[in-house]
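Breakdown of the fold
Listed below are the residues making up each chain.
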Protein chains: 2
Amino acid sequence: MRSEIVVDPAPHAAWLPDGALAAVGRRRVALRLPDLSGPAQGHPRARPDNSAEVTSTLRTELTRATSAHGGAVVDPDDSPDVLLALVPELSGDGFRFVRDDGRVTVTAATATALLHGWFHVVRLREAAFTGPDAEESHAPAFALRVLDHWDNVDVHPVMGQVERGYAGGSIFYADGRVREDLSRVTAYARLLAATGVDRVCINNVNVHAREARLLTDDLPDVARVAAALRPYGVRTHLAVSFAAPMTLGGLPTSDPLDDDVRAWWRRAAERVWAAVPDFGGFVVKADSEGQPGPFAYGRDHADGANLLAEAVAPHGGVVHWRAFVYDHTQDWRDRSTDRARAAYDHFAPLDGRFAENVVVQVKHGPIDFQTREAVSPVLAGMPSTRLALELQVTQEYTGQQRHACYLAPWWSENLGFRPWGEDGDGTAVRDVVAGLGPNASAAVASAGGGGIAAVSNVGDDRFWTGHPLAQANLYAFGRLAWDPTLDPTAILDEWIGLTFAGPDGTVHARVREVLHAVLDDSWRTYESYTAPLGVGFMVRPGHHYGPDVDGYEYTPWGTYHFADRDGVGVDRTRATGTGFTGQYPAPWRDVYEDRATCPDELLLFFHHVPYTHVLRSGVTVIQHVYDTHFAGVERVREMVAAWESLAGLAPGAVGADLHARVRERLAEQLRSAVEWRDQINTYFLRKSGVADARGRTIY
Amino acid sequence: MRSEIVVDPAPHAAWLPDGALAAVGRRRVALRLPDLSGPAQGHPRARPDNSAEVTSTLRTELTRATSAHGGAVVDPDDSPDVLLALVPELSGDGFRFVRDDGRVTVTAATATALLHGWFHVVRLREAAFTGPDAEESHAPAFALRVLDHWDNVDVHPVMGQVERGYAGGSIFYADGRVREDLSRVTAYARLLAATGVDRVCINNVNVHAREARLLTDDLPDVARVAAALRPYGVRTHLAVSFAAPMTLGGLPTSDPLDDDVRAWWRRAAERVWAAVPDFGGFVVKADSEGQPGPFAYGRDHADGANLLAEAVAPHGGVVHWRAFVYDHTQDWRDRSTDRARAAYDHFAPLDGRFAENVVVQVKHGPIDFQTREAVSPVLAGMPSTRLALELQVTQEYTGQQRHACYLAPWWSENLGFRPWGEDGDGTAVRDVVAGLGPNASAAVASAGGGGIAAVSNVGDDRFWTGHPLAQANLYAFGRLAWDPTLDPTAILDEWIGLTFAGPDGTVHARVREVLHAVLDDSWRTYESYTAPLGVGFMVRPGHHYGPDVDGYEYTPWGTYHFADRDGVGVDRTRATGTGFTGQYPAPWRDVYEDRATCPDELLLFFHHVPYTHVLRSGVTVIQHVYDTHFAGVERVREMVAAWESLAGLAPGAVGADLHARVRERLAEQLRSAVEWRDQINTYFLRKSGVADARGRTIY
């Protein structure tokens, strides 16, 4: 398998290879559409209708599946095995799934929902038809399910084309403009539709000069992108610069309360919606890491967000306003300033002041997409605001798609976290962002909250995601966006079943076994050999790959561990620290406050403790550091060995080029894990002077 | 002075403002040339004659000086105050200076030497005429006095246009090619001629693809650069890539023993000399930090260097072959590998094998242009090789022209270092590179050794060097290249007298005083607040500015400090360490070996010691760290205050824009020095647990 690997130049099929369609494709399928010739156009302000494009897609999908596998597209009245029926009289974004004696009927109110129903049947594969009779309703938990692309039109001199991108260039842009050939964008939309994602923001939240012009000169190109996404029911959003009225409009100010500024944004929105009738809205990073924002005018984030909300409201648009606001020029000497506090301190006081079509987009943790951190208290602190949970599919801090790190268990923990404790009514983060939090305002509840968003990990790499197994993260995000209660291991199993389906629709048992062995615990494995006990960072500044324990320790970024010869960790208690624990409601404000009750995995996030502090697990902090780092490397060795064991399988079980790519990445993961282990262990041995109780080699 | 500073767009005059010419310019000056109409052309292989261009320059200089200051150019027989006489019957590169009753006569064998004599008179200013009668001979200590430019034709995506350049873009290149207007290059040559530098290598030793073509396609442009340098007697060199026969010539190999490769280089040299008859030679960085070299073919550096030497020999060319060769993919875990050993280990065994026109160019220290390191033992280990001392005028590790750091005292220490001890015959490094070392082979002695080279600090910045006071470093390098025994403070005084000369040729006393206050000890001040006791590095990886104590500690670069909770430093002893001390002759091999005799300022370069180790100065290592870092910042505060005191002087004393630029740089120096102090002190307090004996604030 090592030599003469023929690389297919076409993009990898990801979770929709032909084999994934075998179960439906072998059968007789039918599509029933209502008579569209009647006067069913709705009023002009209604959500723009993409049904023509999507029903056309449905026809294509049915034909594609059946022609590949020997089934047939038949008349709806000809007793099909699968009947898809568009029933405008129904309501909602979901679909109904009925199995009756091995025949399946899917009904939905919109073409997009019906498409989601079709892919539901695809995902079930043979099980769609073999289970007991069933009548099920499926609807997305969140109204807004967005993937954010941090893609630049130009190649940024430092950040490259895709900021924090680890999968090559952009699928949207090349050579400084929107690509001519957008077939790959449509293929991407198809993959997303098969998971449930329905919106894509196509440019970086750090809006550079070239990219700002997407909002103006480049609208015809944006319309082409939207047209490429639309057939799969995916709507287009743009990240915009708060300074656009000045930089693009030539106004002397971007003050959100200035009438000319308001008028400029209204006209900008009119132009966008004229070009893209089903445009979704704007995404904004303001007053954050150097981006312009309302602070320059003495205004706050509600003023800023509402300015844009007013402009997009007539078109049914939404504004995603990021809560990632903090002081990135902090003095490391000042232990009272705490970056973890920043989002809550900035935004919680504004609760209730945001317009109804503003979504405040909150990173899952209070710092920045770390492998482990506490859940952001903002999610429990703004009941009168539509909040979205922001996740990061691109693996900035989790191995950059060189390490296999299946993130769904981590996201699932965040989604399932109960901000008001286990003993309350069971309300979890997933409920909050669905508009179901305690004390949710009527407006928040009726809008269904702010939903979910994530930074995509996709680029123009043949495997889409650099590391082929990182496709599982994209897939899992989409599935959790649709249903956040899904079990991560079950999602992974589903992904394996689709992605590695042979022509007959089945997966080699050994492949399934190995993929679970490699991925199931890979996030915890990654955690075990990187920064310990929730302390975070310890990565190389700038690129954020690989270890550098003190890399951020004396920088302005607010990400410190405060290790000295006696101990390590950040004191965020109310009693002696920054008071961050006080941003949580009970019981967490007290659970986190006390070392004795604080969960081990977050101990150093909340407390500065001696190396000899005994964890709830019974071992000391320093010994835990050594043990986990040695163990983590051994786990990676097992992952490597497991993957190697696939090399002898029949060629079809795993594509030769995919196997080779994963092998190459696993080799790098092992090298890097050893580097992490040795640097972390050496750093703490040199500092603490405490020898490893088991006498292993530390340098 | 703060507001309404009018910035002159013309390049700053540096040390040759009109005022610097007042003393000669007020007088009656004359130029006597031999009859050039005769058959004095020499044979074709003789050093090409630039006398036509340089004598023309001499005429221009005389006219320029006298027309500015009211003197006159007169007939040589008309009793001039200054007579310059070209006397081909003399020999050598020097000149004779005779003062007889206030009249000055300068004689030399070549136009270039006479030009150097002219600038000698300029530098003396009024003192040229007012001293007692004198007859002096002046000749350069080194035959080769080179400035290396690390300029790229293209802007490198990481390193910029000038690698390790802190003064803007290149004076040679813009927009991806050699500049059309090279008047600035000629102005640069004039400045160099006034110091004694006579060769410039015009491109980066890291030869990228675009720059490699200077050797081929771009030769007409190289000829234009050479023509711009030639009027001031400055010869042009090129850095070349060892892989050029493959990358430019299309050969399948660059093996130095391959006949086609040898022929390719011979033809390449023929083309270069055809285009530039007084071309100097090639500079090569081979098998170093990723550059190609002879190792790929199982050949050694002598094979590689001799290949090029053979090609340039027929033209009288020289090859500067850098000894900066080490393993840059070292394992930080391996304490036996020592980067300090690398140059000696690679090159000393090759002594005697290099061709006579090869100069092995040796960085002054065994690591890399640190603020403090030991002198390279290579300089004492290759008596049968022409060695050049390589210095770094550009302040890569010494404040990057944001910090005022006058480097001449440091260079002077290196030049005056006696590798065989104080009790020997007094032979110093400056003697070795002049071909006067003990056991120097006849070839080395007759060639006058390899001379001196340095990396230039010049860019297209208005002040040439970013920090206006960094001009002093360029000036001092040139003066030490001519006469390495000069006193650094005297050189500085000379530089002040020229650079800040008012229209009447005098310098405001307060300006002189302040410049000495700011610059005299600035290198030791910089040392005091950066990495302590010779341990080096502790800079931010990549850009090398600002502190990062552990920045290189776990990297492959071989630059470590090994600090742990007990102590710090690199054990390079023979007894327990890497054995590097054994590369030195006696007495240094023993002086450095023993902590008790090792100089304090190099202690951590040679030894790993406890924080409580008592220095020869009587304080502990840890207290020394604290004390020097607090003191260093206070010294910078004094520098800032001294400079501010000039703000009230008459506008002419210091140019307003120069004053503003230096003020801005000093503010950054203070900010940076505080950052260095606090990071270093905090790092060592956290690690050692030893409190400052004087109770000052450490974070």
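Parameters and conventions
- Residues numbered from 1 in each chain as written.
- Chains lettered and ligands numbered in written order.
- Predicted model: local features only at pLDDT ≥ 70, side-chain atom pairs only at ≥ 80, totals over all residues.
- Heavy atoms only, no water.
- Phe/Tyr/Trp six-rings, centres within 6.5 Å; stacked < 30°, edge-to-face > 60°.
- Buried < 20%, exposed > 50% of the residue type's maximum accessible area, 1.4 Å probe, protein only.
- Helix = DSSP H or I, 4+ residues; strand = E, 2+ residues; numbered from the N terminus.
- Least-squares fit on C-alpha atoms with pLDDT ≥ 70 in both.
- Contact = heavy atoms within 4.5 Å.
- pLDDT = per-residue confidence, 0-100.
- Buried area = accessible area lost by both parts, 1.4 Å probe.
- Salt bridge = Lys/Arg side-chain N within 4 Å of Asp/Glu carboxyl O.
- Polar contact = N/O pair within 3.5 Å; in protein donor to acceptor, adjacent residues only side chain to side chain.
- Nonpolar A, V, L, I, M, F, W, Y, C, P; charged D, E, K, R; others polar.
- Pairing = 2+ DSSP bridges.
- Expected span 1.5 Å × (residues − 1).
- Lys, Arg positive; Asp, Glu negative; His and termini not counted.

Below, the discussion takes up the packing of aromatic side chains. Summed over the entire model, instances satisfying the criterion amount to 64 aromatic pairs over all chains. For the pair F172 of chain A and Y173 of chain A, a centre-to-centre distance of 5.9 Å together with 50° between the ring planes defines the contact as tilted. You'll find F172 of chain A and Y173 of chain A in the same group, each marked buried. An angle of 70° between the planes, with centres 5.4 Å apart, marks the rings of Y526 of chain B and Y529 of chain B as edge-to-face. Taken together, the residues Y526 of chain B and Y529 of chain B, both in helix α18 (residues 522-529) and 3 residues apart, mark about one turn of the helix. For the pair Y526 of chain B and Y529 of chain B, a shared accessibility class is recorded, and that class is buried.

Overlaying chain B with chain A gives an RMSD of 0.0 Å, the required rotation being 180° about an axis along which the chain moves by 0.0 Å. Here the symmetry operator amounts to a two-fold rotation axis. Both copies share a contact surface, since 100% of the interface residues of chain B are interface residues in chain A too.

Quick look at the confidence of the model for chain A now. Note that predicted coordinates carrying low pLDDT should not be read in detail. On average, residues of chain A carry a pLDDT of 95, and 97% of them reach 70 or more. Under the prediction, the complex receives an ipTM of 0.89, its pTM being 0.92.

Turning to the interface of chain B and chain A, a few remarks are in order. Tallying the contact residues gives 26 residues for chain B and 26 residues for chain A. Here chain B meets chain A over a buried area of about 2,500 Å², counting both sides, of which 45% is carbon and sulfur. Sorting the residues of chain B by area buried against chain A places Y554, R565 and R686 of chain B first, and these three jointly supply 34% of that buried surface. Across the chain B-chain A interface, the total number found is 6 salt bridges. A salt bridge links E553 of chain B to R686 of chain A; the shortest N-O distance between them is 2.9 Å. Counting across the interface, chain B meets chain A through 19 residue pairs in polar contact (both at pLDDT 80 or more). Its residues assigned to classes, the side of chain B that touches chain A shows 8 nonpolar, 6 polar and 12 charged.

This part is about the sheet that holds strand β6 (residues 134-138) of chain B. All names here are of chain B. Taken together, 6 strands build an open sheet; the order of strands is β2-β1-β3-β5-β4-β6 and the sheet is mixed. Because the sheet does not close on itself, it has two edges, and the strands there are β2 (72-73) and β6. Direction of pairing for strand β1 (residues 28-32) relative to β2: parallel, over a ladder of 2 bridges. For R28, the partnering residue across the bridge sits in β2 and is A72.

This part covers helix α2 (residues 51-69) of chain A. Residues and elements named next belong to chain A. With 19 residues, α2 ought to run about 27 Å at 1.5 Å a step, and its terminal C-alpha atoms sit 27 Å apart, in line with that. Looking at the buried residues of α2, the elements they touch are α1 (22-25), β1 (28-32), β2 (72-73), β3 (82-86), α3 (111-124) and α5 (183-193). Trailing α2 by a residue or two, G70 shows a phi angle of about 90°, which is positive.

Residues and elements named next belong to chain A. Checked against the element boundaries, V518 lands in helix α17 (residues 509-519). Between the alpha carbons of V518 and A641 there is a distance of 9.5 Å; along the sequence they are 123 residues apart. Residue contacts for V518: discarding those within four places in its chain leaves A404, L469, M639 and A642.

Residue and element names in this part refer to chain B. With respect to the helices, strands and loops of the structure, R125 is situated in the loop between α3 (111-124) and α4 (127-130). Buried R125, no salt bridge; nearest opposite-charge side chain is D493, N-O distance 6.3 Å. Separated by 2.7 Å, the side chain of R125 and the backbone oxygen of G505 make a polar contact. Residues contacting R125, with those up to four places away along its chain left out, are A20, A23, G497, L498, G505 and R512.

The next thing to look at is the environment of V178 of chain A. All names here are of chain A. Along the polypeptide, V178 turns up in strand β11 (residues 177-178). On the accessibility criterion, V178 (4% relative accessible area) is buried. Taking the C-alpha atoms as reference, V178 lies 7.8 Å from V222; in sequence the two are 44 residues apart. Every residue in contact with V178, bar those within four places of it in the chain, is listed here: F172, Y173, L214, D221, R224 and V225.

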